[in-house]
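An overview of the molecular structure
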Amino acid sequence: MRDSFGAAWWQGYATRLRSLAAARGTDALALIPLDEAISALGRTTESDEGLRAVPLDGVVGTLARAADFDRYFRPRNRALRDRWCALAATAGELPPVRLVRLGEMYFVEDGHHRVALARARGAATIRAEVRAVCTVAFAMRCLTLADLAVKTAERMFLERVPLADDLRTDLWLDDPGEWFRLADSAEAWGFRQTLRGRVLGDRAALAQAWWHEEVSPVVTALRERGLPAAARDIAAYVGYGLDHV
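Conventions we followed
- Residues numbered from 1 in each chain as written.
- Predicted model: local features only at pLDDT ≥ 70, side-chain atom pairs only at ≥ 80, totals over all residues.
- Heavy atoms only, no water.
- Salt bridge = Lys/Arg side-chain N within 4 Å of Asp/Glu carboxyl O.
- Helix = DSSP H or I, 4+ residues; strand = E, 2+ residues; numbered from the N terminus.
- Buried < 20%, exposed > 50% of the residue type's maximum accessible area, 1.4 Å probe, protein only.
- Expected span 1.5 Å × (residues − 1).
- Axes fitted to C-alpha atoms, helices over the stretch in contact; angles between N-to-C directions.
- Left-handed = near helix turned anticlockwise from the far one by under 90°.
- Contact = heavy atoms within 4.5 Å.
- Nonpolar A, V, L, I, M, F, W, Y, C, P; charged D, E, K, R; others polar.
- Parallel < 35°, antiparallel > 145°, perpendicular 65-115°, else oblique.
- Phe/Tyr/Trp six-rings, centres within 6.5 Å; stacked < 30°, edge-to-face > 60°.

**A short note on the pattern of salt bridges**
Throughout the structure, instances matching the rule amount to 19 salt bridges. Asp184 serves as the salt-bridge partner of Arg160, at 2.7 Å between the closest nitrogen and oxygen. In this pair, Arg160 sits in helix α5 (residues 148-160) while Asp184 sits in helix α7 (residues 176-195), placing the two residues 24 residues apart along the sequence. Its relative accessible area of 33% is what places Asp184 among the partly exposed residues.

**Considering α5**
Here α5 spans 18 Å end to end across 13 residues, near enough to the 18 Å set by a 1.5 Å rise per residue. Of all 13 residues in α5, twelve are buried; the element is thus mostly enclosed. Within α5, burial applies to Leu148, Ala149, Val150, Lys151, Thr152, Ala153, Glu154, Arg155, Met156, Phe157, Leu158 and Arg160.

**Describing the packing of helix α3 (residues 81-88) against helix α4 (residues 112-120)**
At a closest axis distance of 10 Å, the pairing of α3 and α4 adopts a crossing angle of 65°. α3 and α4 meet at a crossing whose hand is right-handed. Contact residues: Arg83, Trp84, Leu87 and Ala88 in α3; His113, Arg114, Ala116, Leu117 and Ala120 in α4. Its residues assigned to classes, the contact of α3 with α4 shows six nonpolar, one polar and two charged.

**Thoughts on the packing of α7 against helix α8 (residues 203-225)**
To characterise two packed helices, one gives the angle between the axes of the helices and the distance between these axes. Two numbers describe how α7 lies on α8: the axes approach to 10 Å, and their chain directions differ by 95°. Between α7 and α8, the angle falls in the class roughly perpendicular. Across the interface between the two elements, Leu182, Ala186, Glu187, Trp189 and Gly190 from α7 touch Arg203, Leu206, Ala209, Trp210, Glu213 and Glu214 from α8. The residue inventory of the contact of α7 with α8, partitioned by class, reads six nonpolar, one polar and four charged.

**Examining unusual backbone geometry**
Here the phi dihedral of Phe73 falls at roughly 60°; this positive angle occurs in a residue that is not glycine. For Phe73, the position within the fold is in the loop between β3 (59-62) and α3.

**Things to note about α4**
With seven of its nine residues buried, α4 lies for the most part within the structure. Restricting attention to buried positions, one finds in α4 the residues His112, His113, Arg114, Val115, Ala116, Leu117 and Ala118. Considering only its buried residues, α4 is in contact with β3, α3, β4 (97-102), β5 (105-110) and β6 (125-135). Two residues or fewer past α4, Gly122 is found with a positive phi of approximately 85°.

**Focus: the packing of aromatic side chains**
Counted by the stated rule, this structure contains five aromatic pairs. Between Phe69 and Phe73, the ring centres sit 5.7 Å apart and the planes meet at 35°, which makes this aromatic pair tilted. As far as burial versus exposure is concerned, Phe69 and Phe73 are alike and both buried. Arranged with centres 5.0 Å apart and planes meeting at 40°, the rings of Phe157 and Trp179 form a pair that is tilted. Of this pair, Phe157 sits in helix α5 while Trp179 is found in helix α7, placing the two residues 22 residues apart along the sequence.

**Concerning the environment of Arg168**
Residue placement: Arg168 occurs in helix α6 (residues 165-168). Using a relative accessible area of 13% as the deciding quantity, one classes Arg168 as buried. Considered as a pair, Arg168 and Ala137 are 31 residues apart in the sequence and their alpha carbons are 6.6 Å apart. If we ignore the near neighbours within four places in the chain, the residues touching Arg168 are Val136, Phe138, Glu154, Leu158, Pro162 and Leu163.

Encoded structure:
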């Protein structure tokens, strides 16, 4: 119900997230701090991926030096000059860097200058020891600081409606409030199913049934009608399915 405390709380929280996104939208080139990314996306498990070549354009964050470099690892701090020049003059191959991976994004734990120098030289990859952290919401490479507010709302949606992993990589909505609206809709759909005597078991079962029996058919119908729906299924469903089908 729209006049419930829960609905009012979600609306207020969505407004705070929108304000946060607007405040951060001025610096799209900022490095993303790992702790902020994990707070938004939600940590689940962690594993060691060992030494491998990592695409440099995926290295967009840091554990501790967000003020020293921009998203492309161009220096923002003139005090870095001596360290940069010393590395540039080093003969032979530099040691691997240490990175943390969230989805498609990499965060520098050790080796910021080495990453910066490799990018300045036009390298496509860098050798790295990689530690992977799995998250509730998927970390797309294109995420910026401004997007973390929306990803926070997406993570909260997925905690209520835990879609399968293969669906999480293609979720995107621009407005944090739409994620809360969508979660309410999915739970209401599940409640109606139980009123008809259906047993869904748990939230994962509800999420799977809702996606395949409600969202997918609606999106298919939208495509068949030739409506100018969004490219991603979830955005198409929110844009047309909730109110127009």
